[in-house]
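Below are the chains, spelled out letter by letter.
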Amino acid sequence: MAKIRLLIFTTLTLIAIFTVTVLPPAQVIAAPPLQGGETYEFVLKWGAQAPEGQFNSPVDVAVDDGGKVYVVDAGNCRIQKFDSSGNFIAAWGQHGNRNGEFSRPSGIAVDSQGNVYVTEMGNLRIQKFDSNGNFITRWGSGGSEDSQLQMPGGVAVDFKGHVYVANTDTRTDTFNNSIQKFDSNGNFITQWGSEGSGVLHLSGAWRLAVAPRGYVYVSDGSNNSIQKFDSNGNFITQWGSKGSAEGQFEYPSGIAVDSQGNVYVADTGNNRIQKFDSNGSFITRWGSKGRAEGQFESHNGVAVDSQGKLYVDESGKNRSK
């Protein structure tokens, strides 16, 4: 059975690392200083310890303003909720197409009111819940027109409550790769993007994140780049190319933005996390392929909380329980 881990890192400057205590020393593994004058500490992991809190292919993670952690447990067709120490709080969902049920759940986001949004690739829709998993509403259907979906992946919510969905599908002749924007009730506002590799073109745009000031960052997986837009879809900048050097990617997936505007990217193919400033300038990176603390195998979603802790979900296929 695969062993699933949820990892937490705290990014610290070299000055602060001596004054901030995250866990007792026996439980913390400090990494050497990294490029850019920063370091990180591995804090903890959880998963596969008990029936509640076990995972089967976790694919995304989100954190609310109170530090509660929500995980898309895709293989079990459910959402699990934990406190910041990994203690189980609640779970909801099962396989199906009724309200509160899921088919291939993919992305998750939490708004400032604690409402939880979940995308589903199987049911081609977005569902909205309160923080306890009570169903509120849903929207979406299959197709390539406005508000229709072909493979909804990542989802993010801005400070105004607008919901952004990464809609990607290269399996059909339509090659629908776009970002769709809705209000908090699912009313369609706008969309942008199309299949390709140039400006305003996307290919395998699997995840996205919204910065505190409303900028939208898209992890453009097949193009091995990050694209930055304003909240109306106007292109601002992009960075990245295929490779393993600093600032290069091998199919980037999860993406998150902290309160300072720094961007964290799950560089899945290179088994690492990369950190950039808001304009794409490289800051630091960490991680390598393996099973030890701070190493990665098949990491997908990332989320950052108000304290600067970075949460990474991981589903290493070769890990034995």
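A. Spotlight on the overall build of the chain. Looking only at helices and strands, the chain has zero helices and 27 strands in total. Looking at the chain as a whole, 55% of its 321 residues are labelled buried. Within the chain, residue pairs in contact and separated by at least 24 positions form 46% of the contacts whose partners lie at least 6 positions apart. A total of about 13,100 Å² of accessible surface is found on the chain, and carbon and sulfur atoms cover 45% of it.

B. Representation of the environment of Phe 276. Within the fold, Phe 276 resides in strand E24 (residues 272-276). Sequence spacing of Phe 276 and Gly 247 is 29 residues, and the spatial spacing of their C-alpha atoms is 8.3 Å. If we skip the residues at most four places from it in the chain, Phe 276 touches Trp 239, Gly 247, Phe 249, Asn 262, Val 263, Val 265, Ser 281, Phe 282 and Ile 283.

C. Looking closely at the sheet that holds strand E10 (residues 125-129). Read across the sheet, four strands follow the order E8-E9-E10-E11 without closing on themselves; strand pairing throughout is antiparallel. Looking along the sheet, the strands with just one partner apiece sit at the ends: strand E8 (105-110) and strand E11 (135-139). Between one strand axis and the next, the sheet turns through 20 degrees on average, direction left out of account.

D. Looking closely at the layout of surface pockets. Within this model, the largest pocket holds a volume of roughly 830 Å³. Along its surface, the largest pocket is lined by 34 residues, and Val 63, Val 110, Val 157, Val 210 and Val 257 are the ones closest to its centre. Looking at the lining of the largest pocket, the elements with two or more residues in it are strand E4 (58-63), E8, strand E12 (152-157), strand E18 (205-210), strand E22 (252-257) and strand E26 (299-304). Partitioning the lining of the largest pocket into residue classes produces 21 nonpolar, five polar and eight charged.

E. Highlighting unusual backbone geometry. With a phi angle near 55 degrees, Arg 104 is a residue other than glycine that sits in the positive phi range. Looking at where Arg 104 falls in the secondary structure, it is placed in the loop between strand E7 (88-92) and E8. Its relative accessible area of 43% is what places Arg 104 among the partly exposed residues. Positive phi, close to 75 degrees, is recorded for Ser 147, a residue that is not glycine. Here Ser 147 shows up in the loop between E11 and E12. A relative accessible area of 27% means that Ser 147 is categorised as partly exposed.

F. Layout of the pattern of salt bridges. On inspection of all chains with the given rule, the structure shows seven salt bridges. Between Asp 73 and Arg 78 there is a salt bridge whose closest N-O contact spans 2.8 Å. For the pair formed by Asp 73 and Arg 78, the shared burial category is buried. We note a salt bridge from Glu 101 to Arg 98, for which the minimum N-O separation is 2.8 Å. Glu 101 sits in the buried class, given a relative accessible area of 7%.

G. Summary view of the pairing of strand E6 (residues 78-82). Of all the five residues making up E6, five are buried; the element is thus mostly covered by neighbouring parts of the structure. Residues Arg 78, Gln 80 and Phe 82 of E6 are buried on one face, and the alternating residues Ile 79 and Lys 81, pointing to the opposite face, are buried as well. Pairing analysis gives five bridges linking strand E5 (residues 69-73) to E6, with the strands arranged antiparallel. Its bridge partner lying in E6, Val 69 is registered against Phe 82. In the sheet, E6 pairs with E7 via four bridges, with the strands oriented antiparallel.

H. Inspection of the pairing of strand E21 (residues 235-239) at higher detail. One ladder, built from four bridges, connects strand E20 (residues 225-229) with E21; its direction is antiparallel. By the bridge assignment, Phe 229 is partnered in E21 with Phe 235. Here E20 folds back onto E21, and the loop between the two strands holds five residues, one of which, Gly 233, carries a positive phi near 95 degrees.

I. How the structure looks around the sheet that holds E18. Taken together, four strands build an open sheet; the order of strands is E18-E19-E20-E21 and the sheet is antiparallel. Each edge of the sheet is formed by a strand with only one pairing partner; in this case those strands are E18 and E21. Going across the sheet, the axis of each strand differs from the next one's by a mean of 20 degrees, ignoring polarity.

Parameters at a glance
- Residues numbered from 1 in each chain as written.
- Predicted model: local features only at pLDDT ≥ 70, side-chain atom pairs only at ≥ 80, totals over all residues.
- Heavy atoms only, no water.
- Helix = DSSP H or I, 4+ residues; strand = E, 2+ residues; numbered from the N terminus.
- Buried < 20%, exposed > 50% of the residue type's maximum accessible area, 1.4 Å probe, protein only.
- Contact = heavy atoms within 4.5 Å.
- Areas by Shrake-Rupley, 256 points an atom, 1.4 Å probe, with all protein chains shown as cover.
- Pairing = 2+ DSSP bridges.
- Axes fitted to C-alpha atoms, helices over the stretch in contact; angles between N-to-C directions.
- 1 Å grid on protein atoms, 1.4 Å probe; cavity = no way out; pocket = protein on both sides within 12 Å on 5 of 7 lines; lining within 4 Å.
- Points joined across faces, edges and corners; volume = space filled by probe spheres on them.
- Nonpolar A, V, L, I, M, F, W, Y, C, P; charged D, E, K, R; others polar.
- Salt bridge = Lys/Arg side-chain N within 4 Å of Asp/Glu carboxyl O.

In short, shape yes, function no, at least from these values alone.
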